[in-house]
Structure formats: structure tokens, C-alpha cells
Amino acid sequence: MCADDDTSDWLRALPKIELHVHLEGSLRPRTLFRLASRNGVDVGAESPAELAQRYSFDGFPDFASLFFAGLSVLRTAEDFTDAVVALAAELAGQNVRYAEVTTSPINHHRRGVSMSEYRDGLDEGRRRARERYGLELAWVCDISRESEDPAAEFTIGYLLGPQAPSGVVGLGLGGIEDGFPPDLFASSFQRARASGLAALPHAGETVGPDSIWGAVRTLRAARIGHGLRCLEDPALVEYLAVNRIPLDVAITSNARLKLVDGAAAHPITAMLDAGLVVTLNTDDPAYFQTTLTDELDLAHRVHGLSRDTLLGLQRNALDASYADGRTKERIRAELAAA
């Protein structure tokens, strides 16, 4: 709960924008168990409650192992649609008005999932999100660093081909950061930018400032996923601030992966004090057992961020988003009313 009921009510009603949430990391135990039962996948649990006990890990490699195990329940267009609709229902329940959802086609392709099934599932889920909840979704399709041969350029090739889903706004870069520097994927991002897709890589989450420098210099990143380690390099902080390159910050994610010594030790206030453009996000909300409302509450309750600052984070997210002009205008008016 927040420090006071008025702020708690205000946070719940606040129109919200999320820019960094992974579809595959949004599968709550109930959804994951239902999909596993449908597809005959053994997830080592007899109920959603028992499955929820597995949503714990010791650092990023352990989390990555659990994350990839969860992919096994996504096989058909119906599965992907159900996953998208479940996420949309959760977001709409928090008054999220627009979200850019990250998903990694390579991780499904290498499991033998038909890319046309994948596309159809995403398209139908996006349609239902708009129809049922008035929620606008867009996709950021991620290169999984450790899963994709950089020379093969699978992800960008897929996005530029006939089986790509509608509503893709950017090319991402996720997965295990250590050992897979941004420059390996420079050609894919050059093709993405040439086709009108934004460069939206993760960087500086588990690796230091060099990873972020590579993302902005080589990939020409329009936004940085996490950017947690930027504060180690004052020149980098100045560059990010002067060039207004937004950072998709996720407090609970960083704490649960032991990248900071607990949520209270997260440097979000230092980032804001340094003039960085910060947005607040959930990353993998199911596995980290959080919501966007929870993250805002945490920022207010633990880090002392005022209502004006929290509102500013939502304006940052709207400005940094790739929503169309009409959607931005509508949400901007809702934020003004808040």
C-alpha cells in the first residue's frame, strides 16, 4: 500500500503507459498452468498455486532458465492470443492506456513454432485488447542475443517479411548481455532503422557503461532498456541527458535479479537528479510478481517520488513511445486531467 489512501487511489486511477514489458514474462501462474494443461506440457506442478512457488530465482542466469522453460507452453496461435489477452486484461485493470510489448520471435522459431501461427496469435490478441479493453498495444520484437546468430539476421529478416505481425514499432535486443555486445548486431539494427523501426535495445542491465555506449553509438538506440549501470560513467550520463535518450527503468526487476541490493538501493532518484529521462516499467511482471501500479507505489513509498514526479514519468513514457498521434493526443489529455 501507499503511504496514504488518497495517493493509493490516485495511483490506481492514473492513466498509465508501459514501454518495457515482455509478453513471455507476463504469464501469471494461472495462465501458464492453463496453457500447459492444454498442450500437455509438464511444468512440474499440480496447480497454479504450486506453480507459483517456482517463480523464484537466484540472479539473472537462474531467471533466464525459468523464463525459457515457460516458453514451452506457447505453441499455437490460440496460445499466443490467450497470452496477449491475459496481459491486456491485467494492464487495462490498472488503467494502462498504451503499452509497447516486447516479444522474441527467435525463441519460438527455434522451438519449431510456425511463424504464421505466432503472427496470427499476436494480431488477434492485439485486436481483442483494443476491442475489449480500449487498450492500444504495439510490439517490440527482440533479438535474443544468445539464441540468434548475428550473421543470420533472423529477427529483422522476419520483421521485413510477409509473416510479421502488425503493429511492430521497434527492434529490440535482449537476453544474456555478458559476452554479446551490441556491435555484433549492428547490421540488423541498420536494416531496422532503414525500414522505419526504432532501435530499442536492452543495455547496461547486467553489463557496465560500455554496453550502453555500444547501444547508442553503434545501434543508434532511441531508448535504452534498463540502463542501470550508466551512473558509473559521468560522461555517459551527460550524453544520455543532453540527447534526451530515455531509460526504461524497472525497480523490482533489478532488485529481484540482485542487480541492486534491494528496491530501496535502486538509483532511480540519482538518475532523475542527473537529468536523465526515466520511464517506469515492470519488465517481466509475472516472474517478478509486480504490476505497473506497484512500481509507481514503490517509487512513491520507498523513494519518495511526489505525485508530480510520478505524473512526469508517465509523460516521459508517452513522449518516448511510438504511439500514433491520435493516441498520444488522447492520453496526453487524460494525463492533464490527472
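Please refer to the structure placed before this passage.
Summary of the structure given here. (Residues numbered from 1 in each chain as written. Predicted model: local features only at pLDDT ≥ 70, side-chain atom pairs only at ≥ 80, totals over all residues. Heavy atoms only, no water.)

1. A few points about unusual backbone geometry
Backbone geometry at arginine 244 places phi at a positive 55°, although glycine is not the residue there. By secondary structure assignment, the location of arginine 244 is in the loop between helix H11 (234-242) and strand E7 (247-249). Unusually for a residue other than glycine, glutamine 289 sits at a positive phi of about 55°. For glutamine 289, a relative accessible area of 51% puts it in the exposed group. (Helix = DSSP H or I, 4+ residues; strand = E, 2+ residues; numbered from the N terminus. Buried < 20%, exposed > 50% of the residue type's maximum accessible area, 1.4 Å probe, protein only.)

2. Topic: the packing of aromatic side chains
One pass over the structure, following the stated rule, counts five aromatic pairs. Ring geometry for tyrosine 55 versus tyrosine 287: centroids 4.8 Å apart, planes at 40°, classification tilted. Of this pair, tyrosine 55 sits in the loop between helix H3 (48-52) and helix H4 (60-70) while tyrosine 287 sits in helix H14 (residues 285-288), and the two are 232 residues apart along the sequence. Relative accessible area serves as the criterion here: at 3%, tyrosine 55 is assigned to the buried category. Centroid distance tyrosine 118 to tyrosine 158: 6.1 Å. Interplanar angle 50°. Geometry classified as tilted. (Phe/Tyr/Trp six-rings, centres within 6.5 Å; stacked < 30°, edge-to-face > 60°.)

3. Brief notes about the side chain of glutamine 94
Take glutamine 94: it is sitting in the loop between helix H5 (77-93) and strand E2 (96-103). For glutamine 94, the side chain forms a polar contact with the main-chain oxygen of glutamate 90, separated by 3.1 Å. Aside from chain neighbours lying at most four places away, what touches glutamine 94 is Arg12, Leu14, Lys16, Thr291, Leu292 and Thr293. (Polar contact = N/O pair within 3.5 Å; in protein donor to acceptor, adjacent residues only side chain to side chain. Contact = heavy atoms within 4.5 Å.)

4. Notes on H11
The complete set of buried residues in H11 reads Leu236, Val237, Leu240 and Ala241. Considered in projection along H11, the buried side chains sweep an arc of 130° and stay on one side of the axis. Turned more than 90 degrees off the buried face of H11, the exposed positions are Pro234, Glu238 and Val242. Packing partners of the buried residues in H11 comprise helix H10 (209-217) and E7. With a side-chain oxygen lying 3.0 Å from the backbone nitrogen of alanine 235, the N-terminal cap of H11 falls on aspartate 233. (Arc of directions from axis to C-beta.)

5. As for the sheet that holds E7
Taking strand neighbours across the sheet as the criterion, the eight strands line up as E1-E2-E3-E4-E5-E6-E7-E8 in an open arrangement whose pairing is parallel. In this open sheet, the two strands that pair with only one neighbour each are strand E1 (16-22) and strand E8 (278-280). Geometrically, the sheet is characterised by an average inter-axis angle of 25° between neighbouring strands, direction not taken into account. Bridge count for E7 against E8 is three bridges, and the pairing is parallel. Bridge pairing links leucine 247 to valine 278 in E8. (Pairing = 2+ DSSP bridges. Axes fitted to C-alpha atoms, helices over the stretch in contact; angles between N-to-C directions.)

6. Regarding the pairing of strand E5 (residues 198-203)
Within E5, six of the six residues are buried, which leaves it mostly tucked inside the rest of the structure. Burial of the side chains of E5 extends over both faces: Ala198, Leu200 and His202 are buried on one face and Ala199, Pro201 and Ala203 on the other. Strand direction decides the pairing type here: strand E4 (residues 168-174) and E5, joined by four bridges, are parallel. Of the residues in E5, the one forming a bridge with leucine 173 is proline 201. Once you follow E4 into helix H9 (residues 186-194) and on to E5, the crossover reads as right-handed. (Right-handed = clockwise from strand over helix to strand, strands pointing away.)

7. Considerations on empty space enclosed by the protein
Enumeration according to the criterion identifies two cavities of 30 Å³ or more in this entry. By volume, the largest cavity is sized at about 220 Å³. Around the largest cavity, the lining is made up of 19 residues, and of these His22, Phe60, Phe63, Phe67 and Gly175 lie nearest the centre. Only H4 and strand E3 (136-144) provide two or more residues apiece to the lining of the largest cavity. Among the elements that make up the lining of the largest cavity, the one with the highest residue count is H4 (five residues). Taken together, the residues of the lining of the largest cavity sort by class into six nonpolar, eight polar and five charged. Considered as a void within the structure, the second largest cavity measures approximately 80 Å³ in volume. Looking at the second largest cavity, it is lined by 13 residues, and the ones nearest its centre are His20, Thr102, Val140, Leu200 and Asp248. Mapped onto the lining of the second largest cavity, the elements with two or more residues apiece are E1, E3, E5 and strand E6 (224-226). Top element by residues in the lining of the second largest cavity is E5. It accounts for three residues. Considered class by class, the residues forming the lining of the second largest cavity number five nonpolar, five polar and three charged. (1 Å grid on protein atoms, 1.4 Å probe; cavity = no way out; pocket = protein on both sides within 12 Å on 5 of 7 lines; lining within 4 Å. Points joined across faces, edges and corners; volume = space filled by probe spheres on them. Nonpolar A, V, L, I, M, F, W, Y, C, P; charged D, E, K, R; others polar.)

8. Focus on the packing of helix H2 (residues 29-39) against H5
Running from N to C, H2 and H5 cross one another at 170°; their axes reach a closest spacing of 11 Å. Taken together, the axis directions place H2 and H5 in an arrangement best described as roughly antiparallel. Residues Thr31, Arg34, Leu35, Arg38 and Asn39 of H2 pack against Glu78, Asp79, Asp82 and Ala86 of H5. Taken together, the residues that form the contact of H2 with H5 break down as two nonpolar, two polar and five charged. (Parallel < 35°, antiparallel > 145°, perpendicular 65-115°, else oblique.)

Fair warning: the whole summary comes from geometry, so function is off the table for now.
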